[in-house]
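Notes for the structure review
Next come the chains, spelled out residue by residue.
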Amino acid sequence: MKKLKRKALWAQQKKERRFSHYSMIKRKKRRLDPTRSLNTVTRKQLKSATMANSSCKVAIVVDLSFDTFMDEKSIAKCVKQICRCYSINRRAANPVQYHITSLDGASLTEMSKNSGYQNWDVNLHGKHFTDLFSKEKIVYLTAESDHLIDKIEDDHVYIIGGLVDHNSHKGLCHRLAVEKGLRHGRLPIGENIDMKTRKVLTIDHVFNIMVNVCNGQKWKEALLEVLPARKGAQEKDTDGNFEDEEDCDAEEDFDENENSIADEMDSCETDPIST
Ligand SMILES: C[S@@+](CC[C@H](N)C(=O)[O-])C[C@H]1O[C@@H](n2cnc3c(N)ncnc32)[C@H](O)[C@@H]1O
């Protein structure tokens, strides 16, 4: 009899236990969210915090013209990262003007798995970015560039290579930018923080850092917030010394977070704007 009662009570409390478990996970996720300290929007403010209403006119483009350099798995990872960029931008108080270009072929097929993506607050283009923006305004972001991005210019167009390659195509984006006669630049990582691992970052990390700086953070703050400490990102020591680079792949870091990102994308499958 006692056993039966206990069983009934256990079943009765199941819902409550589930609720508190998921609340705890949600709180933990929020605590770990790199955009948390920014002036991020609440769910209620989402409707008005659009790219059109934003005071930030900086354009950030993810160039998806690299399908032939990736296998199916890497294309899927790449699309997950651009979805993560979308969710970062949606939560920013002042979203950047986010564009995805060369969205066709395999990346379009992968993107189409996100139902309702056509309604998201992002500019989607099948065309190459050189057919959409004037050459004078374009700056290709690449870790191999000799030029430092110091200031983000309001009317400029910053391109991130939509390439997940575990650096098997080292320097590819830099080469392409030079070939096309485009301006290029690297993020000021070594100038602001010590980083033990390589300075080639994932698409979403580059995007997140740019959004944070556009929303008023200093480079140092943005870099320390976005780059994981376990990858060796730390405050620069007072002498400005820089430790030797270790050949450790930043893209692995995204893989570790994939599940939580997938959860997050589930919740914004249909953009709140369109609902
Ligand atoms: C995973 S990386 C791709 C690495 C690739 N091997 C290449 O040729 O660039 C994805 C993109 O993030 C951007 N990126 C990564 N690290 C960067 C850095 N330190 N400075 C500027 N852009 C960076 C570049 O646009 C790059 O194409």
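One can find the structure itself at the top, above this paragraph.
Thresholds, definitions, all that
- Counting of residues starts from 1 at the beginning of each chain's written sequence and follows it residue by residue.
- It should be noted that, the model being predicted, local features are given only for residues of pLDDT at least 70 and side-chain atom pairs only at 80 or more, the latter also being counted only at that level, while totals for whole chains, interfaces and linings use all residues.
- Helix and strand definitions here come from DSSP, where helices need a minimum of 4 consecutive H or I residues and strands a minimum of 2 consecutive E residues; each element is numbered from the N-terminal end.
- To sort residues by burial, count the other C-beta atoms lying within 10 Å of each one's C-beta; a count of 20 or more means buried, 12 or fewer means exposed, and anything in between means partly exposed. C-beta atoms are built from the backbone.
- A residue pair is marked as a contact if its C-beta atoms, positioned from the backbone, fall within 7 Å.
- Orientation is described by lines fitted to C-alpha atoms, with helices fitted over the stretch in contact, and by angles between N-to-C directions that extend from 0 to 180 degrees.
- By definition, any crossing whose near helix is turned counterclockwise from its far helix by less than a right angle is left-handed, and any crossing with a clockwise turn is right-handed.
- Defining nearness, a residue is near a molecule or strand when the C-beta atom obtained from its backbone falls within 6 Å of it.
- In this description, strands pair whenever DSSP reports at least two bridges between them.
- By definition, the crossover connecting two strands over a helix is right-handed if that path, from the first strand to the second, turns clockwise as seen with the strands pointing away from the viewer.
- Here a helix's expected span is defined as the number of its residues, less one, multiplied by 1.5 Å.
- Angles are sorted into four bins: roughly parallel if under 35 degrees, roughly antiparallel if over 145, roughly perpendicular if 65 to 115, and oblique for all others.
- Any residue outside Ala, Val, Leu, Ile, Met, Phe, Trp, Tyr, Cys, Pro, Asp, Glu, Lys and Arg is labelled polar, Gly included; the first ten of those are nonpolar and the last four are charged.

**As for the overall build of the protein chain**
What the protein chain contains, in helices and strands, is eight helices and eight strands. Looking at the protein chain as a whole, 34% of its 275 residues qualify as buried. Residue pairs in contact within the protein chain that sit at least 24 positions apart in sequence constitute 82% of those at least 6 positions apart.

**Observations concerning the packing of helix α6 (residues 203-214) against helix α7 (residues 219-226)**
Viewed as axis vectors pointing N to C, α6 and α7 meet at an angle of 140°, and their least axial separation amounts to 9 Å. Relative to α7, α6 is oriented so that their crossing is right-handed. Listed contacts from α7 to His205, Asn208, Ile209, Asn212 and Val213 of α6 are Trp219, Ala222, Leu223, Glu225 and Val226.

**Topic: the site of the ligand**
Contacts to the ligand come from 23 residues, most closely from Leu141, Ala143, Gly161, Leu172 and Cys173. Of all the secondary structure elements, the ones that give two or more residues to the shell around the ligand are β5 (157-161), α5 (172-179) and α6.

**Examining the pairing of strand β4 (residues 138-141)**
Note: β4 against β5, three bridges, orientation parallel. Paired with isoleucine 138 across the bridge in β5 is valine 157.

**Quick word on the pairing of strand β2 (residues 97-101)**
For β2, the tally of buried residues reaches four of five residues, placing the bulk of the element in the interior. Direction of pairing for strand β1 (residues 59-63) relative to β2: parallel, over a ladder of five bridges. Among the inter-strand pairings, aspartate 63 is bridged to a residue of β2, identified as threonine 101. Handedness of the crossover joining β1 and β2 through helix α3 (residues 72-91): right-handed. Inspection of the sheet shows β2 paired to strand β3 (residues 123-124) by two bridges, in the parallel sense. Bridging across to β3, histidine 99 finds its partner in asparagine 123. For the crossover from β2 across helix α4 (residues 105-111) to β3, the handedness is right-handed.

**Focus: α6**
Counted at 1.5 Å a residue, the expected span for α6 with its twelve residues is 16 Å, and the 17 Å between its end C-alpha atoms agrees. Of all twelve residues in α6, twelve are buried, a share of seventy percent or more. Glycine 216, located one to two residues past α6, shows a positive phi value of around 100°.

**Section: the sheet that holds β2**
Read from one edge to the other, the open sheet built from six strands follows the order β3-β2-β1-β5-β4-β6, with strand pairing classed as parallel. Only two strands of the sheet have a single partner each, and these edge strands are β3 and β6 (183-185). The strands touched by α3 are β1 and β2; relative to β2, the strand with the most contacts, the crossing angle is about 165°.

**Quick notes on the packing of α3 against α6**
For any two helices packed against each other, one specifies the inter-axial angle together with the distance between the axes. Interhelical geometry of α3 versus α6 gives an angle of 15° and a closest axis separation of 8 Å. When the axes of α3 and α6 are compared, the pair comes out roughly parallel. As for the relative orientation of α3 and α6, their crossing is right-handed in sense. Contacts between α3 and α6 pair Cys78, Gln81, Ile82, Arg84, Cys85, Ile88 and Asn89 from the former with Ile203, Asp204, Phe207, Asn208 and Val211 from the latter. Within the contact of α3 with α6, the residues separate by chemical class into seven nonpolar, three polar and two charged.

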